[in-house]
Amino acid sequence: MAMFWKFMRVAKYSKTALSPKVKVRGIPTHSRHSSSKSVPSDFAANTPCSNTVELLGKAYPQDDYSNVTEKILSKVGKNLHNKKHHPLWLIKEQVKDHFYKQYIGRRGTPLFSVYDGLSPVVTVQQNFDSLLIPQNHASRRKEDNYYLNRGHMLRAHTSAHQWDLIHSGLDAFLAVGDVYRRDTIDNTHYPVFHQMEGVRLFSSHELFSSIEDGEGLQLFEQGHRTAHKQECHTMEAVRLVEFNLKQVLTNLMTHIFGDGLQVRWVDCYFPFTHPSFEMEINFQGEWMEVLGCGVMEQQLVNS
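Here the structure is a predicted model, which means the values were calculated and not measured.

J.: Before we go on, may I ask you to explain helix α6 (residues 235-257) in this structure?
T.: An α-helical turn contains 3.6 residues, so any two residues separated by three or four positions project in the same direction. The terminal C-alpha atoms of α6 lie 32 Å apart, and with 23 residues this matches the ideal 33 Å at 1.5 Å per residue to within 8%. Among the residues of α6, those classed as buried are Ala 237, Val 238, Val 241, Glu 242, Asn 244, Leu 245, Lys 246, Val 248, Leu 249, Leu 252 and Met 253.

Here it is in C-alpha cells:
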C-alpha cells in the first residue's frame, strides 16, 4: 500500500491543472541519500532549424503540439531549488533535515531518499498516462501545458517521476523540482514554480506491527470502492495509512511554520489517489491550501 503528498508551490496554479500529491512505503538503504545527479544549470536551448528545439543537450522535433516559448525555455536549467542560500533551497533543506532526523530506517540511515536533479523534460506518458489521468482530462490541454511535441513536454508536476522511482525499487522518497504550466501571470500565478512531493509504500508488517493483535489484520480484500477506500484495501489498512499520512504532514507543517498552527483537512479528488485530501492552514485569518495528498491507487503500485 502506498501514500502520496505534494507541496511547496511557489505560485498557485489554476484549478484545471493537477494538484500536488503524496505516497507511502519503505526504501533500500543503499538508495537513502540525496541524489547528486542534477540538470545542468547552464542554459542550453536553441533552435538550430525551424522545426527542432534543442534543450539540455537533446533535440526535439517540433509538430502541431509544440508550444513552448523562448521565454519559458530560458527558465529551464536554472535549478533555483539547488542554488545554495536561495529561498527555495532553504525550504528544501529544511524539509530534508526534518525527514532525515524524524524517519530512520532499520539500519540507522534515513528512510527517505531525496531526488532534486531529475530532468524537467518528460514524456507525455510519464506526466499523464503513468498516473492514470484520462485521455480527455482537462489537465492535458495544450492551453495548460508546455509541449515540446506530442511525445515530450516540460513536466507539469513532480509526480511525473513517481512511476519510475517506485519501479526502480524505492519505497520512500522525496522529489523536488521546477514545474511548468501555462498560467496567466498575476499575484498568485506564474508559469514556472516548484513542487516537492513524497511517497511511502507500506508492507503489512510495517503498517500493523505496532498494533495490538495486528498480526490478524490484512492490507487487501475483495471488496467494493466507497468514498473512504479503494475496493482492494481493507478499512483497517486505509485508516492506518490515512492517520500516518496526516500525522507526517501535520508534523512537517508545524516544523516549518511553528507551533500553534491551525490545520484543517478537505476531501478532494485526484486521479492517482483515493481517498484524497488537501491540507489548509490558517494564514492571516484565511484558510490557504498548502498541499494535496492521498492513498495511492493500488494499480499504480501493481502496474
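J.: What should I look at first to understand unusual backbone geometry in this one?
T.: Keep in mind that most residues, glycine aside, have a negative phi and that most peptide bonds are trans. A cis amide bond, omega -5°, links His 274 with the succeeding residue Pro 275. Along the chain, the position of Pro 275 falls in strand β12 (residues 273-283). For His 85, which is not glycine, the phi torsion reads 75° and is therefore positive. Topologically, His 85 is positioned in the loop between α1 (70-73) and α2 (87-102). Residue classification places His 85 among the exposed positions, given a relative accessible area of 56%.

J.: How should I be thinking about the packing of α2 against α6 in this particular structure?
T.: What describes two packed helices is the angle between their axes and the distance between those same axes. The interhelical angle for the contact between α2 and α6, taken along N-to-C directions, is 130°, at an axis separation of 10 Å. Viewed along their axes, α2 and α6 adopt a mutual orientation that is oblique. Crossing handedness for the pair α2 and α6: right-handed. Listed contacts from α6 to Gln 94, Val 95, His 98 and Phe 99 of α2 are Val 248, Asn 251, Leu 252, His 255 and Ile 256. Of the residues assigned to the contact of α2 with α6, the class counts are five nonpolar, four polar and no charged.

J.: What exactly am I supposed to notice about the pairing of strand β11 (residues 263-270) here?
T.: Here is the key point about a regular strand: its side chains alternate between the two faces of the sheet. Across seven bridges, the pairing between β11 and β12 is antiparallel. Opposite Val 263, over in β12, you have Ile 281 as the bridge partner. With antiparallel pairing between neighbouring strands as the criterion, β11 and β12 make up a hairpin whose turn holds two residues.

J.: Explain the pattern of salt bridges to me, please; I cannot follow it from the model alone.
T.: Here the idea is simple: oppositely charged side chains can pair when their charged atoms come close. Tallied over the full model, the rule gives 14 salt bridges. A salt bridge links Glu 280 to Arg 264; the shortest N-O distance between them is 2.6 Å. Of this pair, Glu 280 sits in strand β12 while Arg 264 sits in strand β11; the two residues are 16 residues apart in sequence, bridging distant segments of the chain. A relative accessible area of 13% means that Glu 280 is categorised as buried. The exposure class of Arg 264 is partly exposed, given its relative accessible area of 36%. Each of Lys 92, Glu 93, Lys 96 and Asp 116 takes part in one network of salt bridges that share partners.

J.: I keep staring at the packing of aromatic side chains and nothing clicks. Help me out?
T.: One pass over the full model with this rule turns up six aromatic pairs. Taking the centre distance of 5.0 Å and the plane angle of 70° together, the rings of Phe 99 and Phe 112 count as edge-to-face. Here the residue Phe 99 occupies a position in helix α2, and Phe 112 occupies one in the loop between α2 and β6 (113-115), the gap between them amounting to 13 residues. The exposure class of Phe 112 is buried, given its relative accessible area of 3%. Members of the aromatic cluster, each reached through a chain of ring pairs, are Trp 5, Phe 99, Tyr 103 and Phe 112. In this structure, Lys 142 packs its charged tip against the face of Tyr 65, placed 5.2 Å from the ring centre.

J.: How should I be thinking about the side chain of His 161 in this particular structure?
T.: Tracing the backbone through its elements, the reader meets His 161 in the loop between β8 (152-154) and α4 (162-167). One polar contact links His 161 to Arg 155, side chain to side chain, over a distance of 2.8 Å. In this view, His 161 contacts Leu 118, Ser 119, Val 122 and Arg 155; residues no more than four positions away in its chain are not counted.

J.: Can you help me understand the nonpolar core in this one?
T.: As a rule of thumb, nonpolar side chains are buried together in soluble globular proteins. If you look at the biggest cluster of nonpolar residues, it comprises 32 residues, and the most contacted ones within it are Met 1, Phe 99 and Leu 207. Among the elements of the structure, β1 (2-7), α2, β9 (172-180), α5 (204-208), α6, β12 and β13 (286-296) are those that each provide at least two residues to this core. When residues of this core are assigned to domains, at least three fall in each of domain 1 (56-201) and domain 2 (216-302). In terms of nonpolar packing, the next biggest core, distinct from the first, is built from 23 residues, Ala 2, Val 124, Phe 128 and Leu 131 among them.

J.: How should I be thinking about the environment of Ile 104 in this particular structure?
T.: Assignment of secondary structure puts Ile 104 in the loop between α2 and β6. Residues in contact with Ile 104, not counting those within four places in the same chain, are Thr 109 and Leu 111.

J.: Explain α2 to me, please; I cannot follow it from the model alone.
T.: Helix length check: α2 (16 residues) gives 23 Å between terminal C-alpha atoms against 22 Å at 1.5 Å per residue, within 8%. Buried residues of α2: Leu 88, Trp 89, Lys 92, Val 95, Lys 96, His 98 and Phe 99, and no others.

J.: It is not clear to me how the environment of Asp 97 should be interpreted in this structure. Could you clarify?
T.: With respect to the element layout, Asp 97 can be found in helix α2. Residue class for Asp 97 comes out partly exposed when judged on its relative accessible area of 34%. Sequence separation between Asp 97 and Pro 110 is 13 residues; the distance between their C-alpha atoms is 9.9 Å.

Cut-off values and rules
Residues numbered from 1 in each chain as written. Predicted model: local features only at pLDDT ≥ 70, side-chain atom pairs only at ≥ 80, totals over all residues. Heavy atoms only, no water. Helix = DSSP H or I, 4+ residues; strand = E, 2+ residues; numbered from the N terminus. Expected span 1.5 Å × (residues − 1). Buried < 20%, exposed > 50% of the residue type's maximum accessible area, 1.4 Å probe, protein only. Axes fitted to C-alpha atoms, helices over the stretch in contact; angles between N-to-C directions. Parallel < 35°, antiparallel > 145°, perpendicular 65-115°, else oblique. Left-handed = near helix turned anticlockwise from the far one by under 90°. Contact = heavy atoms within 4.5 Å. Nonpolar A, V, L, I, M, F, W, Y, C, P; charged D, E, K, R; others polar. Pairing = 2+ DSSP bridges. Salt bridge = Lys/Arg side-chain N within 4 Å of Asp/Glu carboxyl O. Phe/Tyr/Trp six-rings, centres within 6.5 Å; stacked < 30°, edge-to-face > 60°. Lys NZ or Arg CZ within 6 Å of the ring centre and 35° of its normal. Polar contact = N/O pair within 3.5 Å; in protein donor to acceptor, adjacent residues only side chain to side chain. Core = buried A, V, L, I, M, F, W, Y, C linked by side-chain atoms within 4.5 Å. Domains from an automatic or database assignment.

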